[in-house]
Amino acid sequence: MRPHLLPATLLACAVFACLSAWPQYGGLKAIEPASPLIATGFRLFSQALLLLPVLFVLLVRAGTRNGYASLPIHLLLWCIMLCYAHFPTPFFDYVWDVFLIESIFVYLLSRALLLDTRTAPYSLWPLRLLLFKLMLCMGVVKFLHGMPEWQNGHALKNFWANQPMPAFTAWYAAGLPLWVQKTMVAFVFLAEIPGPFLIFFGRHARLVFFFLNLLLQLGIFASGNYGFFNILTVVVSFALLDPVPTPDSPTTLAKQNNLRANIGRLVFYSAGVVLAGWLLTSAWYIYRAVAPGENYLHETSWVFLHNREQADIPQPMRVLLQTYAVAKVSNPYALFGMIPKYRLEIGLEGSADAVEWKKYRFRVRPDALDQSPIWYAPHHWRLDHQMYYESFRIREPHLHAKYSYFLGVRFMPGLIRELSLANPKVLKLFAENPFPSAPPKVFRFSYRYYLFTDADEWHRTGNYWKTDSPHAGQFFEKPFTALEAASLP
(Lines give C-alpha, C1' and ligand atoms only; values in the text may rest on other atoms or scores of the structure.)
Protein backbone atom coordinates (compact mmCIF):
# COMPACT_ATOMS: atom_id res chain seq x y z
CA MET A 1 0.00 0.00 0.00
CA ARG A 2 1.16 3.52 -0.73
CA PRO A 3 1.97 5.58 2.37
CA HIS A 4 -0.55 8.29 1.47
CA LEU A 5 -3.47 5.89 0.95
CA LEU A 6 -4.59 6.01 4.56
CA PRO A 7 -4.65 9.81 5.04
CA ALA A 8 -6.16 10.38 1.61
CA THR A 9 -9.03 7.93 2.13
CA LEU A 10 -9.59 9.16 5.67
CA LEU A 11 -9.84 12.71 4.35
CA ALA A 12 -12.24 11.55 1.63
CA CYS A 13 -14.52 10.03 4.31
CA ALA A 14 -14.35 13.20 6.40
CA VAL A 15 -15.13 15.49 3.45
CA PHE A 16 -18.01 13.27 2.34
CA ALA A 17 -19.42 13.31 5.88
CA CYS A 18 -19.46 17.10 5.86
CA LEU A 19 -20.92 17.36 2.35
CA SER A 20 -23.63 14.84 3.23
CA ALA A 21 -24.50 16.68 6.42
CA TRP A 22 -24.42 20.22 5.07
CA PRO A 23 -27.89 20.35 3.40
CA GLN A 24 -29.45 19.07 6.63
CA TYR A 25 -27.35 21.09 9.05
CA GLY A 26 -29.54 24.23 9.18
CA GLY A 27 -32.74 22.31 9.88
CA LEU A 28 -31.14 20.04 12.49
CA LYS A 29 -29.49 23.01 14.19
CA ALA A 30 -32.88 24.75 14.44
CA ILE A 31 -34.47 21.82 16.31
CA GLU A 32 -31.42 20.91 18.40
CA PRO A 33 -32.20 20.88 22.15
CA ALA A 34 -30.53 23.72 24.02
CA SER A 35 -27.13 22.78 25.42
CA PRO A 36 -25.93 24.26 28.74
CA LEU A 37 -23.19 26.82 28.29
CA ILE A 38 -20.98 24.97 30.76
CA ALA A 39 -21.18 21.82 28.63
CA THR A 40 -20.02 23.71 25.55
CA GLY A 41 -17.24 25.29 27.56
CA PHE A 42 -16.07 21.93 28.89
CA ARG A 43 -15.97 20.51 25.38
CA LEU A 44 -13.88 23.44 24.14
CA PHE A 45 -11.53 23.04 27.12
CA SER A 46 -11.15 19.30 26.48
CA GLN A 47 -10.51 19.92 22.80
CA ALA A 48 -7.83 22.49 23.62
CA LEU A 49 -6.20 20.09 26.06
CA LEU A 50 -6.20 17.12 23.70
CA LEU A 51 -6.15 18.56 20.19
CA LEU A 52 -3.60 21.35 20.50
CA PRO A 53 -0.72 18.87 21.00
CA VAL A 54 -1.89 17.21 17.79
CA LEU A 55 -1.79 20.57 16.00
CA PHE A 56 1.72 21.25 17.31
CA VAL A 57 2.77 17.86 15.97
CA LEU A 58 1.54 18.84 12.51
CA LEU A 59 3.41 22.14 12.59
CA VAL A 60 6.65 20.61 13.80
CA ARG A 61 6.36 17.90 11.16
CA ALA A 62 6.06 20.64 8.52
CA GLY A 63 9.65 21.55 9.18
CA THR A 64 10.94 18.07 8.37
CA ARG A 65 11.71 16.48 5.03
CA ASN A 66 8.40 14.66 4.53
CA GLY A 67 6.20 17.07 6.44
CA TYR A 68 5.41 19.64 3.79
CA ALA A 69 3.54 17.32 1.44
CA SER A 70 1.23 15.92 4.11
CA LEU A 71 0.62 19.17 6.00
CA PRO A 72 -2.46 20.34 4.00
CA ILE A 73 -4.20 16.97 4.42
CA HIS A 74 -3.37 16.84 8.12
CA LEU A 75 -4.50 20.40 8.80
CA LEU A 76 -7.80 19.83 7.00
CA LEU A 77 -8.39 16.64 8.98
CA TRP A 78 -7.62 18.50 12.20
CA CYS A 79 -10.10 21.28 11.39
CA ILE A 80 -12.85 18.78 10.51
CA MET A 81 -12.22 16.90 13.74
CA LEU A 82 -12.43 20.11 15.75
CA CYS A 83 -15.68 21.34 14.17
CA TYR A 84 -17.51 18.04 13.73
CA ALA A 85 -17.72 17.49 17.48
CA HIS A 86 -19.92 20.61 17.74
CA PHE A 87 -22.51 19.56 15.15
CA PRO A 88 -26.11 19.40 16.45
CA THR A 89 -26.87 16.86 19.17
CA PRO A 90 -28.13 14.10 19.00
CA PHE A 91 -28.14 14.01 15.21
CA PHE A 92 -24.35 13.81 14.91
CA ASP A 93 -23.62 11.39 17.74
CA TYR A 94 -24.12 8.15 15.85
CA VAL A 95 -21.44 5.48 15.81
CA TRP A 96 -20.04 6.62 12.45
CA ASP A 97 -19.81 10.23 13.63
CA VAL A 98 -17.86 9.60 16.82
CA PHE A 99 -15.81 6.91 15.07
CA LEU A 100 -14.82 9.46 12.42
CA ILE A 101 -13.68 11.94 15.06
CA GLU A 102 -11.76 9.28 16.98
CA SER A 103 -10.17 7.85 13.83
CA ILE A 104 -8.85 11.27 12.78
CA PHE A 105 -7.62 11.94 16.31
CA VAL A 106 -5.76 8.63 16.59
CA TYR A 107 -4.30 8.91 13.10
CA LEU A 108 -2.98 12.45 13.60
CA LEU A 109 -1.72 11.64 17.07
CA SER A 110 0.18 8.65 15.72
CA ARG A 111 2.08 10.98 13.39
CA ALA A 112 4.00 12.14 16.44
CA LEU A 113 5.71 8.77 16.52
CA LEU A 114 7.41 9.59 13.22
CA LEU A 115 9.50 12.27 14.92
CA ASP A 116 11.68 9.55 16.38
CA THR A 117 13.20 6.78 14.26
CA ARG A 118 13.06 4.40 17.22
CA THR A 119 9.26 4.55 17.44
CA ALA A 120 8.41 4.78 13.74
CA PRO A 121 7.72 1.02 13.40
CA TYR A 122 4.89 1.41 15.92
CA SER A 123 3.20 4.40 14.29
CA LEU A 124 0.32 2.35 12.85
CA TRP A 125 -0.44 0.51 16.07
CA PRO A 126 -2.76 3.15 17.55
CA LEU A 127 -5.12 2.77 14.57
CA ARG A 128 -4.86 -1.00 14.80
CA LEU A 129 -5.81 -0.82 18.46
CA LEU A 130 -8.74 1.44 17.61
CA LEU A 131 -9.97 -1.18 15.14
CA PHE A 132 -9.45 -3.86 17.79
CA LYS A 133 -11.58 -1.91 20.28
CA LEU A 134 -14.33 -1.28 17.76
CA MET A 135 -14.69 -4.84 16.53
CA LEU A 136 -14.21 -6.64 19.84
CA CYS A 137 -16.70 -4.48 21.72
CA MET A 138 -19.25 -4.89 18.92
CA GLY A 139 -18.96 -8.67 19.16
CA VAL A 140 -18.72 -9.06 22.92
CA VAL A 141 -21.80 -6.96 23.63
CA LYS A 142 -23.84 -9.29 21.43
CA PHE A 143 -22.45 -12.54 22.80
CA LEU A 144 -22.17 -11.73 26.52
CA HIS A 145 -24.83 -9.07 27.06
CA GLY A 146 -27.19 -9.40 24.13
CA MET A 147 -30.55 -11.05 23.76
CA PRO A 148 -30.70 -14.88 23.73
CA GLU A 149 -31.29 -14.92 19.97
CA TRP A 150 -27.66 -13.98 19.39
CA GLN A 151 -26.47 -17.15 21.07
CA ASN A 152 -28.99 -19.45 19.43
CA GLY A 153 -28.39 -17.92 15.99
CA HIS A 154 -31.88 -16.47 15.43
CA ALA A 155 -30.95 -12.79 15.91
CA LEU A 156 -30.92 -11.83 12.25
CA LYS A 157 -34.53 -12.91 11.81
CA ASN A 158 -35.40 -9.89 13.97
CA PHE A 159 -32.63 -7.69 12.65
CA TRP A 160 -33.43 -7.37 8.94
CA ALA A 161 -36.75 -5.52 9.29
CA ASN A 162 -36.16 -3.94 12.70
CA GLN A 163 -32.75 -2.38 12.21
CA PRO A 164 -32.88 1.43 12.17
CA MET A 165 -33.02 1.88 8.39
CA PRO A 166 -33.07 -1.34 6.33
CA ALA A 167 -32.02 -1.40 2.69
CA PHE A 168 -34.11 -3.10 0.01
CA THR A 169 -31.74 -6.09 0.16
CA ALA A 170 -32.81 -6.69 3.78
CA TRP A 171 -36.24 -7.78 2.56
CA TYR A 172 -34.63 -10.54 0.48
CA ALA A 173 -32.26 -11.48 3.31
CA ALA A 174 -35.19 -11.91 5.69
CA GLY A 175 -36.49 -14.71 3.47
CA LEU A 176 -33.29 -16.76 3.55
CA PRO A 177 -33.42 -20.22 5.18
CA LEU A 178 -32.76 -20.38 8.89
CA TRP A 179 -29.49 -22.29 8.43
CA VAL A 180 -28.18 -19.43 6.27
CA GLN A 181 -29.21 -16.92 8.94
CA LYS A 182 -27.37 -18.94 11.60
CA THR A 183 -24.29 -19.17 9.38
CA MET A 184 -24.32 -15.37 9.05
CA VAL A 185 -24.53 -14.96 12.82
CA ALA A 186 -21.59 -17.34 13.23
CA PHE A 187 -19.58 -15.31 10.73
CA VAL A 188 -20.39 -12.10 12.59
CA PHE A 189 -19.01 -13.60 15.79
CA LEU A 190 -15.98 -14.97 13.95
CA ALA A 191 -15.12 -11.54 12.54
CA GLU A 192 -15.88 -9.57 15.70
CA ILE A 193 -14.54 -11.69 18.58
CA PRO A 194 -11.59 -13.93 17.65
CA GLY A 195 -10.92 -11.94 14.49
CA PRO A 196 -9.49 -8.78 16.11
CA PHE A 197 -6.87 -10.82 18.01
CA LEU A 198 -5.26 -11.67 14.66
CA ILE A 199 -3.92 -8.12 14.73
CA PHE A 200 -1.26 -9.24 17.21
CA PHE A 201 -0.03 -12.30 15.28
CA GLY A 202 1.98 -10.86 12.44
CA ARG A 203 1.48 -9.55 8.95
CA HIS A 204 -0.21 -12.60 7.46
CA ALA A 205 -2.68 -12.91 10.34
CA ARG A 206 -3.53 -9.22 9.98
CA LEU A 207 -4.15 -9.80 6.28
CA VAL A 208 -6.65 -12.54 7.13
CA PHE A 209 -8.44 -10.22 9.55
CA PHE A 210 -8.48 -7.44 6.95
CA PHE A 211 -10.44 -9.62 4.53
CA LEU A 212 -12.73 -10.97 7.26
CA ASN A 213 -13.58 -7.42 8.23
CA LEU A 214 -13.92 -6.34 4.60
CA LEU A 215 -16.47 -9.10 3.95
CA LEU A 216 -18.41 -8.23 7.10
CA GLN A 217 -18.53 -4.52 6.28
CA LEU A 218 -19.65 -5.21 2.72
CA GLY A 219 -22.50 -7.34 4.03
CA ILE A 220 -23.63 -4.67 6.49
CA PHE A 221 -23.29 -1.91 3.91
CA ALA A 222 -25.39 -3.86 1.40
CA SER A 223 -28.25 -4.64 3.81
CA GLY A 224 -28.66 -1.47 5.88
CA ASN A 225 -28.09 2.28 5.96
CA TYR A 226 -25.38 3.19 8.43
CA GLY A 227 -23.99 6.28 6.77
CA PHE A 228 -20.30 6.06 5.99
CA PHE A 229 -19.56 3.74 8.92
CA ASN A 230 -18.69 0.63 6.92
CA ILE A 231 -16.52 2.55 4.47
CA LEU A 232 -14.71 4.28 7.32
CA THR A 233 -14.11 0.97 9.08
CA VAL A 234 -12.46 -0.41 5.95
CA VAL A 235 -10.36 2.77 5.67
CA VAL A 236 -9.12 2.37 9.24
CA SER A 237 -8.33 -1.27 8.52
CA PHE A 238 -5.82 -0.10 5.89
CA ALA A 239 -3.53 0.31 8.90
CA LEU A 240 -3.33 -3.49 8.89
CA LEU A 241 -1.80 -3.46 5.40
CA ASP A 242 0.22 -0.30 4.99
CA PRO A 243 3.96 -0.60 5.40
CA VAL A 244 5.39 1.50 8.17
CA PRO A 245 6.01 4.97 6.67
CA THR A 246 9.64 5.99 6.27
CA PRO A 247 10.50 8.48 9.01
CA ASP A 248 12.65 11.53 8.53
CA SER A 249 16.30 10.56 8.52
CA PRO A 250 18.35 11.30 11.64
CA THR A 251 20.61 13.57 9.59
CA THR A 252 17.63 15.74 8.64
CA LEU A 253 16.64 16.12 12.24
CA ALA A 254 20.20 16.70 13.33
CA LYS A 255 20.51 19.69 11.03
CA GLN A 256 17.65 21.45 12.80
CA ASN A 257 18.66 24.08 15.32
CA ASN A 258 18.52 23.28 19.01
CA LEU A 259 15.32 25.26 19.54
CA ARG A 260 13.41 23.32 16.87
CA ALA A 261 14.83 20.05 18.19
CA ASN A 262 13.72 20.87 21.72
CA ILE A 263 10.26 21.87 20.53
CA GLY A 264 10.06 18.62 18.60
CA ARG A 265 10.89 16.60 21.69
CA LEU A 266 8.38 18.53 23.78
CA VAL A 267 5.67 17.95 21.21
CA PHE A 268 6.59 14.29 21.00
CA TYR A 269 6.32 13.76 24.76
CA SER A 270 3.10 15.77 25.10
CA ALA A 271 1.54 13.77 22.28
CA GLY A 272 2.74 10.64 24.03
CA VAL A 273 0.89 11.65 27.21
CA VAL A 274 -2.30 12.28 25.24
CA LEU A 275 -1.88 8.92 23.49
CA ALA A 276 -1.37 7.18 26.83
CA GLY A 277 -4.63 8.69 28.07
CA TRP A 278 -6.44 7.43 24.97
CA LEU A 279 -5.02 3.94 25.48
CA LEU A 280 -6.14 3.94 29.11
CA THR A 281 -9.70 5.06 28.34
CA SER A 282 -9.94 2.57 25.48
CA ALA A 283 -8.74 -0.25 27.73
CA TRP A 284 -11.40 0.71 30.28
CA TYR A 285 -14.13 0.63 27.63
CA ILE A 286 -13.01 -2.84 26.53
CA TYR A 287 -12.96 -3.99 30.15
CA ARG A 288 -16.51 -2.74 30.69
CA ALA A 289 -17.64 -4.57 27.56
CA VAL A 290 -16.17 -7.92 28.59
CA ALA A 291 -16.93 -7.62 32.31
CA PRO A 292 -19.82 -9.81 33.48
CA GLY A 293 -23.09 -8.28 34.60
CA GLU A 294 -25.52 -5.75 33.20
CA ASN A 295 -23.48 -2.59 33.72
CA TYR A 296 -21.97 -2.53 30.28
CA LEU A 297 -21.82 0.44 27.95
CA HIS A 298 -24.48 0.37 25.27
CA GLU A 299 -24.31 2.18 21.94
CA THR A 300 -21.67 4.84 21.27
CA SER A 301 -22.23 6.82 24.32
CA TRP A 302 -19.69 9.19 25.60
CA VAL A 303 -22.71 10.69 27.39
CA PHE A 304 -23.34 7.62 29.50
CA LEU A 305 -20.87 9.18 31.89
CA HIS A 306 -23.93 10.67 33.59
CA ASN A 307 -25.92 7.43 33.80
CA ARG A 308 -26.23 5.41 36.95
CA GLU A 309 -23.94 2.62 35.76
CA GLN A 310 -21.07 5.13 35.82
CA ALA A 311 -21.42 5.92 39.52
CA ASP A 312 -18.86 3.32 40.59
CA ILE A 313 -16.02 4.69 38.43
CA PRO A 314 -13.11 5.96 40.55
CA GLN A 315 -12.85 9.73 40.47
CA PRO A 316 -9.50 9.98 38.60
CA MET A 317 -10.74 7.59 35.92
CA ARG A 318 -14.04 9.43 35.65
CA VAL A 319 -12.24 12.73 35.04
CA LEU A 320 -10.03 11.13 32.40
CA LEU A 321 -13.02 9.53 30.66
CA GLN A 322 -14.99 12.76 30.70
CA THR A 323 -12.09 14.76 29.28
CA TYR A 324 -11.70 12.45 26.30
CA ALA A 325 -15.42 11.74 25.99
CA VAL A 326 -16.75 15.26 25.64
CA ALA A 327 -14.22 15.88 22.87
CA LYS A 328 -15.52 12.61 21.31
CA VAL A 329 -11.99 11.29 20.81
CA SER A 330 -12.40 8.12 22.89
CA ASN A 331 -15.66 6.20 22.72
CA PRO A 332 -17.15 2.80 23.52
CA TYR A 333 -18.65 0.86 20.66
CA ALA A 334 -21.33 -1.62 21.66
CA LEU A 335 -24.25 -1.85 19.26
CA PHE A 336 -27.16 -4.18 18.59
CA GLY A 337 -26.93 -6.29 21.68
CA MET A 338 -30.68 -5.86 21.86
CA ILE A 339 -32.77 -5.91 18.69
CA PRO A 340 -36.52 -5.15 18.84
CA LYS A 341 -38.85 -7.91 17.73
CA TYR A 342 -41.25 -5.49 16.07
CA ARG A 343 -41.00 -2.13 14.33
CA LEU A 344 -43.02 0.85 15.51
CA GLU A 345 -43.20 3.74 13.06
CA ILE A 346 -44.27 7.14 14.37
CA GLY A 347 -46.14 9.40 11.99
CA LEU A 348 -46.40 13.15 12.49
CA GLU A 349 -49.57 14.86 11.31
CA GLY A 350 -50.76 18.46 11.29
CA SER A 351 -54.08 20.21 10.91
CA ALA A 352 -55.48 23.70 10.69
CA ASP A 353 -58.79 22.80 12.35
CA ALA A 354 -58.18 19.49 14.17
CA VAL A 355 -60.60 17.84 11.70
CA GLU A 356 -58.67 17.35 8.45
CA TRP A 357 -55.22 15.92 9.06
CA LYS A 358 -52.24 15.79 6.71
CA LYS A 359 -49.13 13.72 7.20
CA TYR A 360 -45.53 14.92 7.16
CA ARG A 361 -43.79 12.29 5.08
CA PHE A 362 -40.23 11.41 6.04
CA ARG A 363 -37.75 10.92 3.27
CA VAL A 364 -36.83 7.26 3.69
CA ARG A 365 -38.77 5.81 6.63
CA PRO A 366 -41.26 3.01 5.84
CA ASP A 367 -44.60 4.45 4.73
CA ALA A 368 -46.44 2.99 1.71
CA LEU A 369 -46.80 -0.77 1.98
CA ASP A 370 -45.80 -1.36 -1.63
CA GLN A 371 -42.63 0.72 -1.36
CA SER A 372 -39.51 -1.36 -0.80
CA PRO A 373 -36.97 -0.21 1.78
CA ILE A 374 -34.61 2.38 0.35
CA TRP A 375 -30.84 1.97 0.14
CA TYR A 376 -29.17 5.37 0.35
CA ALA A 377 -25.88 4.73 2.18
CA PRO A 378 -23.31 6.18 2.52
CA HIS A 379 -25.55 9.25 2.71
CA HIS A 380 -27.46 9.61 5.97
CA TRP A 381 -30.90 11.12 6.48
CA ARG A 382 -30.44 12.04 10.11
CA LEU A 383 -33.94 13.03 11.20
CA ASP A 384 -35.34 9.82 9.74
CA HIS A 385 -32.76 7.80 11.65
CA GLN A 386 -33.42 9.64 14.90
CA MET A 387 -37.13 8.80 14.68
CA TYR A 388 -36.10 5.17 15.20
CA TYR A 389 -34.92 6.09 18.70
CA GLU A 390 -37.95 8.28 19.32
CA SER A 391 -40.12 5.20 18.77
CA PHE A 392 -38.12 3.45 21.49
CA ARG A 393 -38.59 6.35 23.87
CA ILE A 394 -42.34 6.15 23.42
CA ARG A 395 -42.82 2.39 23.60
CA GLU A 396 -39.99 1.43 25.98
CA PRO A 397 -39.62 4.31 28.47
CA HIS A 398 -37.65 2.15 30.91
CA LEU A 399 -34.80 2.02 28.38
CA HIS A 400 -34.39 5.78 28.71
CA ALA A 401 -32.84 5.55 32.16
CA LYS A 402 -30.86 2.36 31.61
CA TYR A 403 -29.35 2.25 28.16
CA SER A 404 -29.86 4.77 25.45
CA TYR A 405 -28.46 8.25 25.25
CA PHE A 406 -30.53 8.92 22.16
CA LEU A 407 -33.73 8.30 24.13
CA GLY A 408 -32.78 10.97 26.62
CA VAL A 409 -32.35 13.87 24.18
CA ARG A 410 -35.70 15.53 23.48
CA PHE A 411 -35.70 17.06 20.03
CA MET A 412 -39.43 16.76 19.31
CA PRO A 413 -40.50 20.07 20.96
CA GLY A 414 -38.02 21.93 18.77
CA LEU A 415 -39.24 20.10 15.69
CA ILE A 416 -42.89 20.96 16.39
CA ARG A 417 -42.00 24.57 17.13
CA GLU A 418 -40.16 25.04 13.84
CA LEU A 419 -42.88 23.29 11.83
CA SER A 420 -45.46 25.64 13.34
CA LEU A 421 -43.28 28.51 12.10
CA ALA A 422 -42.89 26.90 8.66
CA ASN A 423 -39.11 27.06 8.92
CA PRO A 424 -37.96 26.24 5.35
CA LYS A 425 -34.74 24.63 6.56
CA VAL A 426 -36.67 22.21 8.77
CA LEU A 427 -39.24 21.51 6.07
CA LYS A 428 -36.40 20.38 3.79
CA LEU A 429 -35.80 17.50 6.18
CA PHE A 430 -39.10 15.99 5.01
CA ALA A 431 -40.06 14.55 1.64
CA GLU A 432 -42.64 17.27 1.08
CA ASN A 433 -44.47 20.13 2.79
CA PRO A 434 -48.16 19.19 3.22
CA PHE A 435 -48.99 22.79 4.22
CA PRO A 436 -47.61 25.04 1.47
CA SER A 437 -50.02 27.92 2.19
CA ALA A 438 -49.93 28.21 5.96
CA PRO A 439 -48.45 26.08 8.76
CA PRO A 440 -50.75 23.87 10.85
CA LYS A 441 -52.07 24.97 14.22
CA VAL A 442 -52.27 21.57 15.90
CA PHE A 443 -50.30 18.36 15.63
CA ARG A 444 -50.68 14.72 16.58
CA PHE A 445 -48.77 11.45 16.38
CA SER A 446 -49.88 8.28 14.66
CA TYR A 447 -48.47 4.82 15.29
CA ARG A 448 -48.19 1.72 13.12
CA TYR A 449 -46.38 -1.59 13.53
CA TYR A 450 -44.47 -2.64 10.42
CA LEU A 451 -43.34 -6.16 9.47
CA PHE A 452 -41.78 -7.53 6.30
CA THR A 453 -44.04 -9.61 4.12
CA ASP A 454 -42.78 -12.99 2.93
CA ALA A 455 -42.38 -14.01 -0.71
CA ASP A 456 -45.90 -15.47 -0.96
CA GLU A 457 -47.49 -12.32 0.45
CA TRP A 458 -45.45 -10.17 -1.92
CA HIS A 459 -46.55 -12.18 -4.97
CA ARG A 460 -50.16 -11.96 -3.82
CA THR A 461 -50.30 -8.28 -2.84
CA GLY A 462 -47.18 -6.60 -4.24
CA ASN A 463 -46.44 -5.24 -0.74
CA TYR A 464 -43.08 -5.32 1.01
CA TRP A 465 -44.63 -4.37 4.35
CA LYS A 466 -47.63 -5.39 6.38
CA THR A 467 -48.88 -3.28 9.25
CA ASP A 468 -50.90 -3.47 12.39
CA SER A 469 -52.30 -0.76 14.64
CA PRO A 470 -51.56 -0.56 18.36
CA HIS A 471 -54.41 -0.73 20.86
CA ALA A 472 -56.36 2.51 21.27
CA GLY A 473 -54.83 4.58 24.03
CA GLN A 474 -51.61 2.56 24.11
CA PHE A 475 -49.56 5.58 23.06
CA PHE A 476 -50.02 9.33 23.25
CA GLU A 477 -52.59 10.34 20.60
CA LYS A 478 -54.02 13.61 21.89
CA PRO A 479 -53.72 16.62 19.51
CA PHE A 480 -51.46 19.39 20.79
CA THR A 481 -50.22 22.82 19.81
CA ALA A 482 -46.63 23.96 19.45
CA LEU A 483 -46.83 25.64 22.87
CA GLU A 484 -47.91 22.35 24.42
CA ALA A 485 -45.16 20.35 22.73
CA ALA A 486 -42.67 21.07 25.50
CA SER A 487 -44.80 19.12 27.97
CA LEU A 488 -45.29 16.03 25.79
CA PRO A 489 -44.87 12.73 27.64
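What you are looking at is a predicted structure, and each value in this text was computed from that prediction instead of being measured. (Residues numbered from 1 in each chain as written. Predicted model: local features only at pLDDT ≥ 70, side-chain atom pairs only at ≥ 80, totals over all residues. Heavy atoms only, no water.)

Turning next to the overall build of the protein chain. If you tally the helices and strands in the protein chain, you get 19 helices and 4 strands. Within the protein chain, the fraction of its 489 residues that count as buried is 56%. Counted over contacts in the protein chain with a minimum sequence separation of 6, partners at least 24 positions apart contribute 79%. Carbon and sulfur atoms form 66% of the exposed surface of the protein chain, whose accessible area is close to 21100 Å². (Helix = DSSP H or I, 4+ residues; strand = E, 2+ residues; numbered from the N terminus. Buried < 20%, exposed > 50% of the residue type's maximum accessible area, 1.4 Å probe, protein only. Contact = heavy atoms within 4.5 Å. Areas by Shrake-Rupley, 256 points an atom, 1.4 Å probe, with all protein chains shown as cover.)

What follows deals with unusual backbone geometry. In this chain, Thr89 is followed by Pro90 through a cis amide linkage whose omega measures 0°. Topologically, Pro90 is positioned in the loop between α3 (67–84) and α4 (95–110). A cis amide bond links Ala377 with the next residue in sequence, Pro378, at an omega value of 10°. Position of Pro378 relative to the elements: it lies in the loop between β2 (358–360) and α15 (382–395). With phi around 65°, Ala354 is a residue other than glycine that occupies positive phi space. Turning to its location among the elements, Ala354 is positioned in the loop between β1 (343–351) and β2. With a relative accessible area of 41%, Ala354 lands in the partly exposed category. Positioned with a positive phi, Ala422 is a non-glycine residue whose angle comes to about 55°. Topologically, Ala422 is positioned in the loop between α17 (412–420) and α18 (424–427).

This part takes up the pattern of salt bridges. As enumerated under the stated definition, the model contains 14 salt bridges in all. Between Glu192 and Lys142 there is a salt bridge, and its shortest N-O distance comes to 3.0 Å. Of this pair, Glu192 sits in helix α9 (residues 178–192) while Lys142 is found in helix α5 (residues 125–145), placing the two residues 50 residues apart along the sequence. Looking at Glu192, the relative accessible area reads 5%, which means it is buried. Ionic pairing is found between Arg365 and Glu345, a salt bridge with its closest N-O pair at 2.8 Å. Residue Arg365 is located in the loop between β2 and α15, and its partner Glu345 is located in strand β1; the two are separated by 20 residues in the primary sequence. When its relative accessible area of 6% is taken as the criterion, Glu345 is described as buried. Three or more residues are tied together by salt bridges with common partners; here these are Lys359, Arg361, Asp367 and Glu432. (Salt bridge = Lys/Arg side-chain N within 4 Å of Asp/Glu carboxyl O.)

Our focus in this paragraph is the environment of Pro53. Inspection of the secondary structure assignment puts Pro53 in helix α2 (residues 37–61). When the C-alpha positions of Pro53 and Leu109 are compared, they lie 8.3 Å apart, and in sequence the two are 56 residues distant. In contact with Pro53, not counting residues within four places along its chain, are Ala48, Val267, Ser270 and Val274.

Within the structure shown, the criterion is met by 39 aromatic pairs. With 5.3 Å between their ring centres and 65° between their planes, Tyr25 and Phe87 make a pair best called edge-to-face. Placement of the pair is Tyr25 in helix α1 (residues 5–31) and Phe87 in the loop between α3 and α4, with a sequence separation of 62 residues. A relative accessible area of 16% places Phe87 in the buried class. Between Phe99 and Phe229, the aromatic rings sit 6.0 Å apart at their centres with planes inclined by 65°, giving edge-to-face as the arrangement. Of this pair, Phe99 sits in helix α4 while Phe229 is found in helix α11 (residues 229–237), placing the two residues 130 residues apart along the sequence. Judged by relative accessible area, Phe229 falls into the buried class, the value being 8%. In textbook terms, an aromatic cluster arises when at least three aromatic residues are bridged by ring pairs, as seen for Tyr94, Trp96, Phe159, Trp160, Tyr226, Phe336, Tyr388 and Tyr389. Above the face of the Trp125 ring, Arg128 is positioned so that its terminal group lies 4.9 Å from the ring centre. (Phe/Tyr/Trp six-rings, centres within 6.5 Å; stacked < 30°, edge-to-face > 60°. Lys NZ or Arg CZ within 6 Å of the ring centre and 35° of its normal.)

The nonpolar side chains of a soluble globular protein tend to be buried with one another. Core analysis: the biggest nonpolar cluster contains 124 residues, and Phe105, Leu383 and Leu415 have the highest contact counts within it. Top element by residues in this core is α4. It accounts for 12 residues. Formed by 6 residues, the second largest nonpolar core is a distinct cluster that contains Ile313, Met317, Leu321 and Ala325. (Core = buried A, V, L, I, M, F, W, Y, C linked by side-chain atoms within 4.5 Å.)

Below, the discussion takes up the sheet that holds strand β3 (residues 442–452). Spatially, the 4 strands line up as an open sheet ordered β2-β1-β3-β4, and their pairing is antiparallel. Each edge of the sheet is formed by a strand with only one pairing partner; in this case those strands are β2 and β4 (465–468). Recorded for the sheet is a direction-independent mean angle of 45° between the axes of neighbouring strands. Of the strands in this sheet, β1, β2 and β3 are in contact with α17, which crosses β3 at around 120°. (Pairing = 2+ DSSP bridges. Axes fitted to C-alpha atoms, helices over the stretch in contact; angles between N-to-C directions.)

A few words on the packing of α5 against α11. Axis separation between α5 and α11 bottoms out at 9 Å; the angle between their running directions is 135°. Classified by the angle between their axes, α5 and α11 sit oblique to one another. The way α5 lies across α11 gives a crossing that is left-handed. Side by side, α5 and α11 meet where Leu127, Leu131, Leu134, Met135 and Met138 of the first sit next to Phe229, Thr233, Val236 and Ser237 of the second. Grouping the amino acids of the contact of α5 with α11 by side-chain chemistry returns 7 nonpolar, 2 polar and no charged. (Parallel < 35°, antiparallel > 145°, perpendicular 65-115°, else oblique. Left-handed = near helix turned anticlockwise from the far one by under 90°. Nonpolar A, V, L, I, M, F, W, Y, C, P; charged D, E, K, R; others polar.)

What follows is about α5. Relative to the 30 Å expected for 21 residues at 1.5 Å per residue, α5 spans 28 Å between its end C-alpha atoms, a close match to the ideal helical length. Across the 21 residues that make up α5, a large majority, 17, are buried. (Expected span 1.5 Å × (residues − 1).)

Moving on, we come to α4. For α4, spanning 16 residues, the distance from its first C-alpha to its last is 22 Å, which sits close to the expected 22 Å at 1.5 Å a residue. For α4, a buried count of 16 out of 16 residues is recorded, marking the element as mostly surrounded by other parts of the structure.

To continue, consider the side chain of Arg382. Mapped onto the secondary structure, Arg382 falls in helix α15. Looking at Arg382, its side chain comes within polar contact range of the side chain of Tyr84, at 3.3 Å. (Polar contact = N/O pair within 3.5 Å; in protein donor to acceptor, adjacent residues only side chain to side chain.)

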